Structures are given as structure tokens and as C-alpha cells.
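# Results of the structural survey
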Amino acid sequence: MDTSTELATLSDFFDRYGAALTAGDVPAIARCYALPGIVITDGYSFSFTSAAAIALSFIGAAPGYQDRELVAAHARILDVQRLSTALSMVTVEWEYLDSQGRSVPGEGFRYLLRMAERGPAICTVIHMR
């Protein structure tokens, strides 16, 4: 896959993922993940082996988006490191838009993605700040 095609594929993927996050669409969020997967932050790590486990982990996050009145999320792709034919480490900074149309500072993450037939799938999420 050439660089421009890869970036377009990743942008489309993160657009869908961001829309699912801000809409609280837990089934769509779960479809963005590979199984098994892991999330790593400064304070905790958790792994999941089923779509139901992914859904449960994000049910608690949805009210945070609603409380902050976030209606849109845009992933700025800062870096893509091709690790193998199927694996890439993608550094993303999220930018959010609230219900008043104001930009809300986001957070940074690194995503280990596996390119599958159905498109990219998140294997690992690492919270950066």
C-alpha cells in the first residue's frame, strides 16, 4: 500500500472511530478493535478478549463525552510507523468540537493497528497525555 493510500485508509478509519466515540455507539467502537486487545494508561491497563468486554469498557466513557458536550472528534495523524506488512504504530492527537462549535483540546494516543481484510483494527491503545 502506498503512503497516500495508507493515510487515506487511516484517516477514514479514525473518522469512523471518532464518530462512534462521540455518538456513544458502543457496537461501532467495538468493531474498530482486534481481539484480543489492550489499553494502557499511566494509572491502569486492561485487556479484552471479546466484543462484549470492549463494549463494557466504553460504556463508562460515553458519559464523559456527553458531560463535556463533545459532538465531534477529529484525529490528527502525527506519525505512522510501519512495523510489518500488517502492523503499524500510529500516533494520533484528538481534537474535539463541543455543542457550541468550540474547539476542545484533546489527548494523544498511540495505536498499534493491524491491517485486516475489513480494514484497520486496533490491537493496542497507549494513552500519551
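Below, the structure is looked at part by part. This one's a predicted model, so the numbers in the text were calculated from it and none came from an experiment.

What counts, and where the lines are drawn
- Residues numbered from 1 in each chain as written.
- Predicted model: local features only at pLDDT ≥ 70, side-chain atom pairs only at ≥ 80, totals over all residues.
- Heavy atoms only, no water.
- Helix = DSSP H or I, 4+ residues; strand = E, 2+ residues; numbered from the N terminus.
- Rg over C-alpha atoms; globule rule 2.2 N^0.38 Å.
- Buried < 20%, exposed > 50% of the residue type's maximum accessible area, 1.4 Å probe, protein only.
- Contact = heavy atoms within 4.5 Å.
- Areas by Shrake-Rupley, 256 points an atom, 1.4 Å probe, with all protein chains shown as cover.
- Lys, Arg positive; Asp, Glu negative; His and termini not counted.
- Charge placed at Lys NZ, Arg CZ, Asp CG, Glu CD.
- Salt bridge = Lys/Arg side-chain N within 4 Å of Asp/Glu carboxyl O.

### A word on the overall build of the protein chain
Regarding its fold elements, the protein chain presents four helices and seven strands. When the helices and strands of the protein chain are placed in sequence order, the string is α-α-β-β-α-α-β-β-β-β-β. Over its C-alpha trace the protein chain gives a radius of gyration of 14 Å, about what one expects of a compact globule, namely 14 Å for 129 residues. Projected onto the principal axes, the alpha-carbon positions of the protein chain cover approximately 40 × 30 × 25 Å. Here the protein chain, with 129 residues, has 40% of them falling under the buried criterion. The long-range fraction of contacts in the protein chain, counting pairs at least 24 apart against all pairs at least 6 apart in sequence, stands at 46%. With an accessible surface of roughly 7100 Å², the protein chain has 55% of that area assigned to carbon and sulfur atoms. Put simply, the protein chain has 10 plus and 14 minus side-chain charges, and the middle of one group is 4 Å from the middle of the other.

### Focus: the pattern of salt bridges
As enumerated under the stated definition, the model contains four salt bridges in all. Among the ionic pairs, Arg82 bridges to Glu6, the shortest N-O distance being 3.2 Å. On the criterion of sequence distance, the pair formed by Arg82 in strand 3 (residues 70–82) and Glu6 in helix 1 (residues 3–23) is long-range, its members being 76 residues apart. On the basis of relative accessibility, which here comes to 36%, the residue Arg82 falls in the partly exposed class. Owing to a relative accessible area of 9%, Glu6 belongs among the buried residues under this scheme. With a shortest N-O distance of 3.4 Å, Arg76 and Glu93 are connected by a salt bridge. Linking Arg76 in strand 3 with Glu93 in strand 4 (residues 87–98), this pair joins segments that are 17 residues apart in sequence. Given the relative accessible area of 21%, Glu93 is considered partly exposed. Among the charged side chains, a network of salt bridges with common partners joins Arg76, Glu93 and Glu95.

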